[in-house]
Amino acid sequence: MRADELDFELPPELIAQVPAARRPAARLLHYRRADRSIAHRLFSDLPSLLRAGDLLVLNDTRVLPARLALVKATGGRVEGLFVGEQSVGRWDVLLKNVGPVTSASRYNLIATGQPPLAVTIASAAGGGRYTLDVATDLPAVEVLERYGRMPLPPYIRRDKSADPRDVDDRARYQTVYAGERQGGRSVAAPTAGLHFDADLLQQVRARGIETAAVTLEVGLGTFKPVEVDELADHAMHVERYHIAPAAAAAISAAKAAGRRVIAVGTTAARVLESQPPGETIEPGSGDTGIFLYPPYAWRHVDALVTNFHLPRSTLIALVAAFVGLDAQRRIYAEAIAHRYRFFSYGDGSFLE
């Protein structure tokens, strides 16, 4: 399959810059593969579209406030993104606008209302990746809560130093069911889940619809564009996942009973489709670099809740793998014609 088959023209004004006023107030495009029908609804209608016995599989990863602002001794500003923690006070980061550096280049990590925090570049790995020594005895998670901003994708525009929407982004670029499991931390949100609030989840469960949570640590690779001509030549990013025993049991029971397993988001879908075929899903952790694109025989996912994705991305390829390329094109043309809001803070779709 050629990558240009996933291209489409999107009016820039349809790229959502803020979320809907209420999480379930986002719009929902409902597509049925059985009759190729399209209906336009609200996300709050989702419980009425599900069946008793369905199992919604959520990604409960927690998004770190991973965007960083550093200042050079000269006053120049450096933009950073936390990638990982080797040990307390030693971080892996991506930096922009660094310029020439040495192993002793010093900066201050800054944030509104916080004292400057000294950092030193310990090493450079190339490609904008660096190791920092941070003057702290606190875990990175605690430091980021004080100094970081949410790692919104670049198509969501925010002021560089600080933005009045930062407080709202802390809440809204995070699912209401984000967990605290050690290691289950991401630098991008599983955006399909952003439309659920506590009341909607209660409605879902009141209808006899079950939920189970898996964890996929969403990395920077989720935004990596497909830059090759043929999808088969694309080098897919690898992400860490975890399936707890309770989730594995719930998914296995649903499959054994012939009930639908519905992935909430492409990240949950990738966790599920990374498992071997068959009714039994085993608990455990692992790495997945699965790339789902047409043609693909789905093993475990019977329906999908997802947002509207970027052209020529691995995410839109996954949608095309699920509904077929012609249907994906029709769905996206319909969404544009009806002025749906696109990408991370945009509207959703239910594909069954």
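All of these numbers come straight from a predicted model, not from anything done at the bench. (Residues numbered from 1 in each chain as written. Predicted model: local features only at pLDDT ≥ 70, side-chain atom pairs only at ≥ 80, totals over all residues. Heavy atoms only, no water.)

## As for the side chain of Asn59
Here is step 1: With respect to the helices, strands and loops of the structure, Asn59 is situated in strand S3 (residues 55-59).
Here is step 2: Judged by relative accessible area, Asn59 falls into the buried class, the value being 1%.
Here is step 3: Reaching out from Asn59, the side chain makes a polar contact with the backbone nitrogen of Thr61 at a distance of 3.2 Å.
Here is step 4: A polar contact is formed between the side chain of Asn59 and the backbone nitrogen of Leu216, at a distance of 2.9 Å.
Here is step 5: Non-local contacts of Asn59, meaning those with residues more than four positions away in its chain, are made with Tyr177, Pro190, Val214, Thr215, Leu216, Val218, Thr267 and Ala268. (Helix = DSSP H or I, 4+ residues; strand = E, 2+ residues; numbered from the N terminus. Buried < 20%, exposed > 50% of the residue type's maximum accessible area, 1.4 Å probe, protein only. Polar contact = N/O pair within 3.5 Å; in protein donor to acceptor, adjacent residues only side chain to side chain. Contact = heavy atoms within 4.5 Å.)

## Observations concerning the sheet that holds strand S13 (residues 239-243)
Here is step 1: One open sheet holds the nine strands; their spatial order is S2-S1-S17-S16-S14-S3-S12-S13-S15, and the pairing between them is mixed. The open sheet has two free edges, formed respectively by strand S2 (37-42) and strand S15 (284-288), since each of these has just one partner strand. If you compare each strand with its neighbour and ignore which way they point, the axes differ by 25 degrees on average.
Here is step 2: When strand S14 (residues 261-264) meets strand S16 (residues 303-307), the two strands line up parallel, connected through three bridges. Each bridged residue has a counterpart across the sheet, and for Val264 the counterpart in S16 is Val305.
Here is step 3: Contacts from helix H5 (residues 245-256) reach S3, strand S12 (210-216), S13 and S14, with the element oriented near 125 degrees to S12. (Pairing = 2+ DSSP bridges. Axes fitted to C-alpha atoms, helices over the stretch in contact; angles between N-to-C directions.)

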